[in-house]
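Single-letter residue listing:
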2 protein chains.
Amino acid sequence: MSTAHAFAPGHLTGFFGAYPDADPRVAGSRGAGLTLSRGVATTVSTEGDPGVWLDGERASVAAVERVLAALDAPPLRVELDAGLPVGRGFGASGAAALGTALAADALSPGARTVAELVGVAHAAEVEAGTGLGDVVAQARGGAPVRLEAGGPERGRVDALNAPGSTRVEWVAFGDLSTETVLDGDTDRLTAAGERALAALCETPTLGTLVAESWRFARAAGLAADRVREAVARVERAGGRASMAMLGRTVFGVGRALSSAGFDPETATLGAPAARRGPDDF
Amino acid sequence: MSTAHAFAPGHLTGFFGAYPDADPRVAGSRGAGLTLSRGVATTVSTEGDPGVWLDGERASVAAVERVLAALDAPPLRVELDAGLPVGRGFGASGAAALGTALAADALSPGARTVAELVGVAHAAEVEAGTGLGDVVAQARGGAPVRLEAGGPERGRVDALNAPGSTRVEWVAFGDLSTETVLDGDTDRLTAAGERALAALCETPTLGTLVAESWRFARAAGLAADRVREAVARVERAGGRASMAMLGRTVFGVGRALSSAGFDPETATLGAPAARRGPDDF
């Protein structure tokens, strides 16, 4: 076999608390979000020029390069096909790292379990500074609730019992750097994230997730004016919306955004979770 | 909403060790198997005659009735559509219990997370005496490896990084009662299951899973003559096969059985895992 495939869903984080640690397997976040039917499809191959290509262009994706090094992979060509915007709160870098781990394992010495590969991708993403909790959420699928921070050895992920094919809508207004926010003072953010998580565990529904996410965005001081205006417009139309962490992206469940007159992008709640593709994928 | 839907995959157990406990949330099994694209589709409704129907006929499924009691559900009509044989090692009762939990939650007071519902279904299945590890495997999907026994609070489940759409084949020769085997002396069986699990963790591949499953079946003294003859026929054709625990069912991966001249039933490796259906399912 010279080629292998994988898919990892996008992940809209609704709220989170940051739990840094010197050990990247222990570092992570607690919080909740939505995984999406749209995500990153990864093809790895021992043929062709080695390196990383994103949507057909040569790219440097730090988390992907760290995954390849950790797996002791042979020189591989990694092609990432992003079905979602990169850098706008959809966890594209985590999806790329996780998809690369699942696919490259098939072409690397030894064999690893899914949890081992999720751990490799989680640590790579943490070390690259591009995310703290997307990878474990993408490995879970559905509407993941990250109850304990960290990779699979230490973290604990549950999920809402949300209906299949739940529609998710969003409008993206621009980038917000994950690195910049995570490098700043995260104490206020983490306190707000803990309150939101406690409320969600009390009433574990999609409605609570969106409402607590918006309470979090305001308490953490992360919502830009355009985001506030868009959420207010959805609320005036009788719906609920919040902001994807970390991007200037407003999201809602069902037809919350289209009912308020937006022309949103859409996906459904992600099922299945990240997975290796068939060999003839 | 008056109707809700769920699907849970079938689960072929390759090998296991039994870990009984007075607390059904702690009792369980360790081992490995394959979840299948074929399984049990469950529809629950507050309309129509309450009770449980299996493939259109009134039925008594102890694990399902225990789930409904545990959820404090209103009187519900539960329709189970089994896409797999019942009582032949496919985990149909676990799939029925888990599907009922996911769907009935939508029509019951409060809201529960997926892990809470998996815990309810696991305990119901253990108390009914019809299985020890199917429910947590069906909640995981793919090729689950049950590293620690018990429901979600105590158990730990990983999975092989198997290619998507992997074909699974089987031939069923008849029933073998799970209750009878689990009520007997399980020490020899559990020792053999531990050896198989250690070997699989060393080399976590589908090939190891099938080979160790067969070594387990022979060591545990569970393989009937017809099963031994069928596995030998597959091996003479250059393939590998084993026996589903607990049924007189011979299974293999890829075209192992059809290449040996059998006319097998087929499915693909289960992805996604058990899940609630869309409301318009």
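Fair warning: this is a prediction, and the values are worked out from it, not measured in the lab.

Chemist: How should I be thinking about the pattern of salt bridges in this particular structure?
Modeler: Here the idea is simple: oppositely charged side chains can pair when their charged atoms come close. All names here are of chain B. Scanning the entire structure with this criterion turns up 16 salt bridges over all chains. Salt-bridge contacts for Arg-38 lead to Glu-265; the nearest nitrogen and oxygen are separated by 3.0 Å. Placement of Arg-38 in strand E2 (residues 28-45) and of Glu-265 in strand E11 (residues 265-268) is noted, with a sequence separation of 227 residues between them. Accessibility expressed as a relative area gives 41% for Glu-265, which makes it partly exposed.

Chemist: What should I look at first to understand the sheet that holds strand E10 (residues 249-253) of chain A in this one?
Modeler: Within a beta sheet, neighbouring strands are joined by backbone hydrogen bonds and run either parallel or antiparallel to one another. All names here are of chain A. The strand order E9-E10-E8-E11 describes an open sheet built from four strands, whose pairing is antiparallel. Looking at strand neighbours, the two that pair on one side only are strand E9 (242-243) and strand E11 (265-268), the edges of this open sheet. Judged from the two bridges that link them, E9 and E10 form a sheet pairing that is antiparallel. Paired with Met-243 across the two strands is Val-250, which belongs to E10.

Chemist: Help me out: how do you make sense of the environment of Ala106(B) in this one?
Modeler: Residue and element names in this part refer to chain B. Considering the arrangement of structural elements, one finds Ala-106 in the loop between helix H2 (92-105) and helix H3 (114-128). Expressed as a C-alpha distance, the spacing of Ala-106 and Leu-117, which sit eleven residues apart in the sequence, is 11 Å. Those residues within four positions of Ala-106 in sequence are excluded, and the remaining contacts are Met-1, Ala-4 and Arg-276.

Chemist: Would you take a moment to explain the interface of chain B and chain A for this structure?
Modeler: In many analyses, interface size is given as the accessible surface area lost on bringing the parts together. Contact with chain B, which involves 26 residues of that partner, is made by 26 residues of chain A. Summing the contributions of chain B and of chain A, the shared interface buries around 2000 Å²; its carbon and sulfur component is 57%. Seen at the junction of chain B and chain A, the total is zero salt bridges. Where chain B touches chain A, the interface holds 16 residue pairs in polar contact (both at pLDDT 80 or more). For the side of chain B that touches chain A, the elements supplying multiple residues, two or more each, are H2, H3 and strand E7 (156-159) of chain B. When residues in the side of chain B that touches chain A are grouped by element, the largest group, four residues, is from H3(B).

Chemist: I keep staring at the relation of the copies chain B and chain A and nothing clicks. Help me out?
Modeler: Mapping between the two chain copies consists of a rotation about an axis together with a translation along that axis. Superposition record for chain B on chain A: RMSD 0.0 Å, screw rotation 180°, translation along axis 0.0 Å. On this basis, the relationship between the two copies can be described by a two-fold rotation axis. Among all residues of chain B, the one whose C-alpha sits closest to the rotation axis is Pro272(B), at a distance of 2.1 Å. An overlap of 100% is found between the interface residues of chain B and their copies at the interface of chain A, pointing to a shared contact surface.

Conventions we followed
- Residues numbered from 1 in each chain as written.
- Chains lettered and ligands numbered in written order.
- Predicted model: local features only at pLDDT ≥ 70, side-chain atom pairs only at ≥ 80, totals over all residues.
- Heavy atoms only, no water.
- Salt bridge = Lys/Arg side-chain N within 4 Å of Asp/Glu carboxyl O.
- Helix = DSSP H or I, 4+ residues; strand = E, 2+ residues; numbered from the N terminus.
- Buried < 20%, exposed > 50% of the residue type's maximum accessible area, 1.4 Å probe, protein only.
- Pairing = 2+ DSSP bridges.
- Contact = heavy atoms within 4.5 Å.
- Buried area = accessible area lost by both parts, 1.4 Å probe.
- Polar contact = N/O pair within 3.5 Å; in protein donor to acceptor, adjacent residues only side chain to side chain.
- Least-squares fit on C-alpha atoms with pLDDT ≥ 70 in both.

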